[in-house]
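# Topology and contacts: notes
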Amino acid sequence: MARHFLALHDYTKDELDTLLALAADLKQKQKSGIPHRLLEGKSVALIFEKSSTRTRVSFEVGVFQLGGHGLFMPSGTSQMGRGEPIRDSARVMSRYCDGVMIRTFGQEIVDEFAQYSSVPVINGLTDLFHPCQIMADLQTVIEHKGGYHGLKFAWVGDGNNMANTWIEAAAILGFALSLACPKGYEPDEKIMAWAQTHAPGLITLTTDPKVAVSGADVVNTDVWASMGQEAEQKIREKAFAGYCLDDGLIAIAKSDSIVLHCLPAHRGEEISDSVIEGKNSMVWDEAENRLHIQKAIMATLIK
Ligand code: CP
Ligand code: NVA
């Protein structure tokens, strides 16, 4: 049976550490021009039901660098977009391709696709999780901080797919995570409950960004309205007032803290221009690491 990458909770700490180590190795190889054609002759379908810049380019380039072929499939141009059942699409795609990446809405869509797929399925973002992104973020933290042990991670903003995935990462890998989310915009309750059982006391939730960011080593935020929530933009702007990652907030994190944002960013909303362009910002390394960690994930799963 194929092993998928749908959510971090399907992986152990050792497995995630191994993926992060392979990503570092592949990054070094790519920078040094050392061939690493681990997917020679393999095809990976890249299905998108939502927009993308980073995920699309990093997967497509990543497959190419591994010696394989990526098929960009925006759902509007396939039969999936016209309602062909997910289970039928999964079984058919498995007959042609060696792996599938999907970006879509409900987590149940990638779960069902994986259930019927005989080849590995990778979650390229759902409303619930963004596991490839958090792995790239962890790779960035390791590069700049030498590891993640003993660090304080802060999340400021929406309790969205990114926040949910950070919660899983903290519980599995064992680091402290403090989230500040406005009332009514908290992370998924079930994920929080799972994390509290899995790693009691490591994850805290507040409505005060200062509490979350105070003394933090890693400060992370994301847009206030995710893809699919565009109609709520105005309501959310009101609810998230005071949650902008600005110089005042960064000043209470550690002086050598690093700032992460998965991008795209809305400057002046969830993050100020001075912070995203400032000395603590590692967002460009973070974006680059999508390439390396996804190559590691694909090379590990696709046989
Ligand atoms: N961070 C991220 O997933 O970016 P894209 O939406 O551009 O793929
Ligand atoms: N939370 C954002 C992340 C974009 C990469 C969204 O889902 O739109």
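See the structure above.
Notes on the structure follow. These numbers come from a predicted model, not from an experiment. (Residues numbered from 1 in each chain as written. Chains lettered and ligands numbered in written order. Predicted model: local features only at pLDDT ≥ 70, side-chain atom pairs only at ≥ 80, totals over all residues. Heavy atoms only, no water.)

## Let's talk about the packing of aromatic side chains
Tallied over the entire structure, the rule returns 9 aromatic pairs. Geometrically, the ring pair formed by W224 and F240 is stacked, given 5.6 Å between the ring centres and 20 degrees between the ring planes. Taken as a pair, W224 in the loop between β8 (218-221) and α9 (233-239) and F240 in the loop between α9 and α10 (247-250) lie far apart in primary sequence, 16 residues in all. For the pair shown, W224 and F240 are each scored as buried. Grouping aromatic residues by their ring pairs yields a cluster made of Y148, F153, W166 and F175. Above the face of the F105 ring, K50 is positioned so that its terminal group lies 4.7 Å from the ring centre. When the ring centre of F72 is taken as origin, the NZ or CZ atom of R56, which lies over that ring, is 3.6 Å away. (Phe/Tyr/Trp six-rings, centres within 6.5 Å; stacked < 30°, edge-to-face > 60°. Helix = DSSP H or I, 4+ residues; strand = E, 2+ residues; numbered from the N terminus. Buried < 20%, exposed > 50% of the residue type's maximum accessible area, 1.4 Å probe, protein only. Lys NZ or Arg CZ within 6 Å of the ring centre and 35° of its normal.)

## Points about the site of ligand 2
Taken together, L125, H130, N160, N161, D222, V223, S226, M227, C262 and L263 make up all the residues around ligand 2. N161 places a polar side-chain atom, nitrogen or oxygen, 2.8 Å from an oxygen atom of ligand 2. Contact distances for ligand 2 include 2.6 Å between a nitrogen atom and a side-chain N or O atom of D222. Within the complex, the protein chains bury 94% of what would otherwise be the 270 Å² of accessible surface of ligand 2. (Near = heavy atom within 4 Å. Polar contact = N/O pair within 3.5 Å; in protein donor to acceptor, adjacent residues only side chain to side chain. Areas by Shrake-Rupley, 256 points an atom, 1.4 Å probe, with all protein chains shown as cover.)

## Some remarks on the site of ligand 1
Taken together, the residues surrounding ligand 1 are S52, T53, R54, T55, R103, H130, Q133, C262, L263 and R290. R103 has a polar side-chain atom sitting 2.8 Å from an oxygen atom of ligand 1. Contact between ligand 1 and L263: a nitrogen atom at 2.9 Å from a main-chain N or O atom of the residue. Within the complex, 95% of the 260 Å² of free accessible area of ligand 1 lies under protein. Most atoms of ligand 1, that is more than half of them, are within 2 Å of grid points of the largest pocket. The residue inventory of the shell around ligand 1, partitioned by class, reads 2 nonpolar, 5 polar and 3 charged. (1 Å grid on protein atoms, 1.4 Å probe; cavity = no way out; pocket = protein on both sides within 12 Å on 5 of 7 lines; lining within 4 Å. Sits in = over half its atoms within 2 Å of the grid points. Nonpolar A, V, L, I, M, F, W, Y, C, P; charged D, E, K, R; others polar.)

## Points about the nonpolar core
Core analysis: the largest hydrophobic core is formed by 58 residues, its most contacted members being F5, L138, F153 and W166. Per-element tally for this core: the top contributor is helix α6 (residues 161-173), with 9 residues. In terms of nonpolar packing, the next biggest core, distinct from the first, is built from 21 residues, Y185, W224, F240 and V283 among them. (Core = buried A, V, L, I, M, F, W, Y, C linked by side-chain atoms within 4.5 Å.)

## Re α6
Compared with the 18 Å implied by 1.5 Å per residue over 13 residues, the 18 Å span of α6 between its first and last C-alpha is a close match. Taken across its 13 residues, α6 has 13 buried, putting it largely inside the fold. Capping the start of α6 is the job of one residue whose side-chain oxygen sits 3.0 Å from the backbone nitrogen of M162: N160. At the exit of α6 stands G174, carrying a positive phi of roughly 85 degrees. (Expected span 1.5 Å × (residues − 1).)

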